[in-house]
Amino acid sequence: MNMTDIKSTQTAQWFGHPRGLSTLFFTELWERFSYYGMRALLVLFMTTAAAQENPGLNFGEGKAGAIYGLYTFFVYVLALPGGWVADNIWGQRKAVFVGGCIIALGHFTMAGPLVGIPDNFSFFVGLMFIAIGTGLLKPNVSTMVGDLYPEGGARRDAGFSIFYTGINLGAFAGPILTGWLGEAYNWHYGFSLAGLGMILGLIQYRLGAKHLGNAGLLSREKSGDNLRNKTRVTYIVIVISCVIAALAGTLLLQSLSLEKLAASLGYAVIVIAVLFFVYLLFFTEHTGLEKRRMLVIFWLFILSAVFWSGFEQAGSSLNLFARDSTNRIIAGWELPASWLQSINATFIILLAPVFGSLWITLARLKRNPSIPVKFAIGLSGLAGGFFVIAWGAANAGNDALVSPVWLIVMYFLHTVGELSLSPVGLSSITKLAPAGRVGQMMGVWFIATALGNLFAGLVAGQLETLAPVELFGNVAMTIGIAGVVAFVTFPLIKRLMGDVD
């Protein structure tokens, strides 16, 4: 790219922002369309009887929940090697494109029975492809947004706000369209539409690449024969990993309890995380203040994992409750259960500006809650939502379906919790982590999210033996207790943080 081209990418504007923001906005919109569209169908498809007109996999809730948890766990964990590949071998721009291609391949693989591929095989191999592709795309497209604003500042923050609007527009539209096709006609049509959405995102990504300037390109210092060798090795490792994962997954499904596998993996991750923080606190040369702040990060890690273990019930137990226990008849037409997955994204779009203005106003009045208080508010909102849906579930029975208003109110409270905790999380890591460990601490945040998703699937699987009112009540109590503990301990945590707001 010559200097004239670079200058044109810097001066071209899109609503007052770099023109390249529109390219990344729509790339992420279509990727989230495909991800949330498929996720809305995932547990419903797995638990639908094989004998129905639109047959599913006929899995029990326990097995379906474990698969859901393992899948979402690896989606987040694989963001770590995906970021490393981009930083050291491909650059973010190539990693995003390759990741998108693998995601699309995964969705179309899940639709394999339409062309005669065995259902179970295509389903699990497709999930594997989507997890790998998302690990390459998700962290790196956000990095490229930051690259468009080398000056940083408030304009960069505003650019990310626009970008996150694209995320939620995709999360809103995905379940609506794929849910309509998948539930009303054929599950595999829904998976195919998710793949088509990713293809549309890739096409506009390629067409809009000219507006990205140098964003996402690997630095010239890393070019040469050594880089080409690393690239070849990376491709070989990805292909071999896919083959091994497919074979191992097939064997595991035939011989092991997925619930036990998922639980064992979760506990192993917890042990590794604890040992990692013990190492940081007792066997490194960090200052006392840095160690105290890393202890705070560990506490936020725990609260975050607890939060996501409840919040991510949306795609599993709450999705099943929407299908089996909610009256979705409107004017004689039955609303697809997956459509209720779009409520959270709708509330995010409506409430995100409100919360942004609220925090700014409270800061101006010197009343802005501290990081641990915002985490406590987030957990309390989530617990409140589960108390609402437990109340609603108490009114449901074999012949009594409840109003979708119960789910709408619950999702409102969950969104309040999410906006209080999730945006604060990444920001808190950058403020609290020692200068040389920001990347590692960011990885810890991803692991907390992954761990929460894993346990969310396991908790949802208890619907096989527990009534919804019992399950949701137990989740509400657990999250609520965590919220109370977070409120009670915040003065201590705030002292450990030092002067960080």
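Heads up: these notes are all about the structure in this document. Remember, predicted model here, so these are calculated numbers, not experimental data.

1. Describing the overall build of the protein chain
Counting its secondary structure elements, the protein chain contains 17 helices and four strands. Split into buried and exposed, the 501 residues of the protein chain put 53% on the buried side. Considering only contacts in the protein chain between residues 6 or more positions apart, those separated by 24 or more positions represent 82%. When the accessible surface of the protein chain is summed, it comes to about 21900 Å², and 67% of that surface belongs to carbon and sulfur atoms.

2. Regarding the nonpolar core
Of all hydrophobic cores here, the largest spans 103 residues; its most connected members are M38, L42, M46, Y71, F123, L407 and F472. Take this core: its biggest share by element is 11 residues, from helix α11 (residues 288-311). With near-sequence residues (within four places) excluded, M38 lies in contact with Y71, H107, M110, L127, I130, T178, F191 and A194. Core analysis: the next-biggest nonpolar cluster, separate from the first, contains 23 residues, L21, I103, L137 and F160 among them.

3. Some words on helix α17 (residues 468-497)
The sharpest bend along α17 reaches about 55° and sits at F490, with the proline P491 one to four residues further on. Of the residues one or two after α17, G498 is the one with positive phi, at around 75°.

4. Topic: a nonpolar patch on the surface
Together, L114, V115, I117, F121, W180, Y185 and Y189 make up a nonpolar patch on the protein surface, roughly 730 Å² of accessible area in all. Locating F121 in the fold gives a position in helix α6 (residues 119-147).

5. A few points about the packing of helix α12 (residues 317-324) against helix α15 (residues 405-432)
One way to put it is that α12 packs onto α15 with a least axis distance of 12 Å and a crossing angle of 160°. When the interaxial angle is binned, α12 and α15 end up roughly antiparallel. Crossing geometry of α12 relative to α15 is assigned as left-handed. On α15, the residues touching L318, F321 and A322 of α12 are L407, M410, Y411 and H414. A per-class count over the contact of α12 with α15 returns six nonpolar, one polar and no charged.

6. Some details on the packing of helix α10 (residues 258-282) against α11
The contact between α10 and α11 brings their axes to 10 Å, and the two run at 170°. When the axis of α10 is compared with that of α11, the two are roughly antiparallel. Residues A273, V274, F277, L280 and L281 of α10 form the contact with α11, whose participating residues are K291, M294, L295, I297, F298 and F301. Looking at side-chain class alone, the contact of α10 with α11 contains 10 nonpolar, no polar and one charged residues.

7. A look at the pattern of salt bridges
Inspection of the entire model under this criterion finds six salt bridges. With its nearest N and O atoms 2.4 Å apart, the salt bridge here joins K138 to E28. Separated by 110 residues along the polypeptide, K138 in helix α6 and E28 in helix α2 (residues 20-47) bring together distant segments of the chain. Under the relative-accessibility criterion, K138 is labelled partly exposed at 23%. We classify E28 as buried; its relative accessible area is 0%. Across the salt bridge formed by E312 and R39, the nearest N and O atoms sit 2.7 Å from each other. Of this pair, E312 sits in the loop between α11 and α12 while R39 is found in helix α2, placing the two residues 273 residues apart along the sequence.

8. Concerning the environment of I348
Mapped onto the elements, I348 comes out in helix α13 (residues 343-364). When the C-alpha positions of I348 and L419 are compared, they lie 7.7 Å apart, and in sequence the two are 71 residues distant. If we skip the residues at most four places from it in the chain, I348 touches N168, P353, T415, E418 and L419.

9. A look at the packing of aromatic side chains
Evaluation of the coordinates by the stated rule reveals 31 aromatic pairs. Consider the rings of F45 and F123, whose centres lie 5.6 Å apart with planes at 50°: the pair is tilted. Of the two residues, F45 is situated in helix α2 and F123 in helix α6; the sequence distance between them amounts to 78 residues. On the numbers, 6.0 Å between centres and 55° between planes, the contact of F45 with W187 is tilted. Taken as a pair, F45 in helix α2 and W187 in helix α8 (residues 187-207) lie far apart in primary sequence, 142 residues in all. Note that K63 overlies the ring of F59, its terminal NZ or CZ placed 4.1 Å from the centroid. The residue whose ring lies beneath R206 is F97, and the NZ or CZ to ring-centre distance is 3.9 Å.

About the thresholds
Residues numbered from 1 in each chain as written. Predicted model: local features only at pLDDT ≥ 70, side-chain atom pairs only at ≥ 80, totals over all residues. Heavy atoms only, no water. Helix = DSSP H or I, 4+ residues; strand = E, 2+ residues; numbered from the N terminus. Buried < 20%, exposed > 50% of the residue type's maximum accessible area, 1.4 Å probe, protein only. Contact = heavy atoms within 4.5 Å. Areas by Shrake-Rupley, 256 points an atom, 1.4 Å probe, with all protein chains shown as cover. Core = buried A, V, L, I, M, F, W, Y, C linked by side-chain atoms within 4.5 Å. Bend = angle between axes of the 7 residues up to and from the residue. Patch = residues over 30% accessible without salt bridge, like charges linked within 9 Å, V, L, I, M, F, W, Y side chains within 5 Å. Salt bridge = Lys/Arg side-chain N within 4 Å of Asp/Glu carboxyl O. Axes fitted to C-alpha atoms, helices over the stretch in contact; angles between N-to-C directions. Parallel < 35°, antiparallel > 145°, perpendicular 65-115°, else oblique. Left-handed = near helix turned anticlockwise from the far one by under 90°. Nonpolar A, V, L, I, M, F, W, Y, C, P; charged D, E, K, R; others polar. Phe/Tyr/Trp six-rings, centres within 6.5 Å; stacked < 30°, edge-to-face > 60°. Lys NZ or Arg CZ within 6 Å of the ring centre and 35° of its normal.

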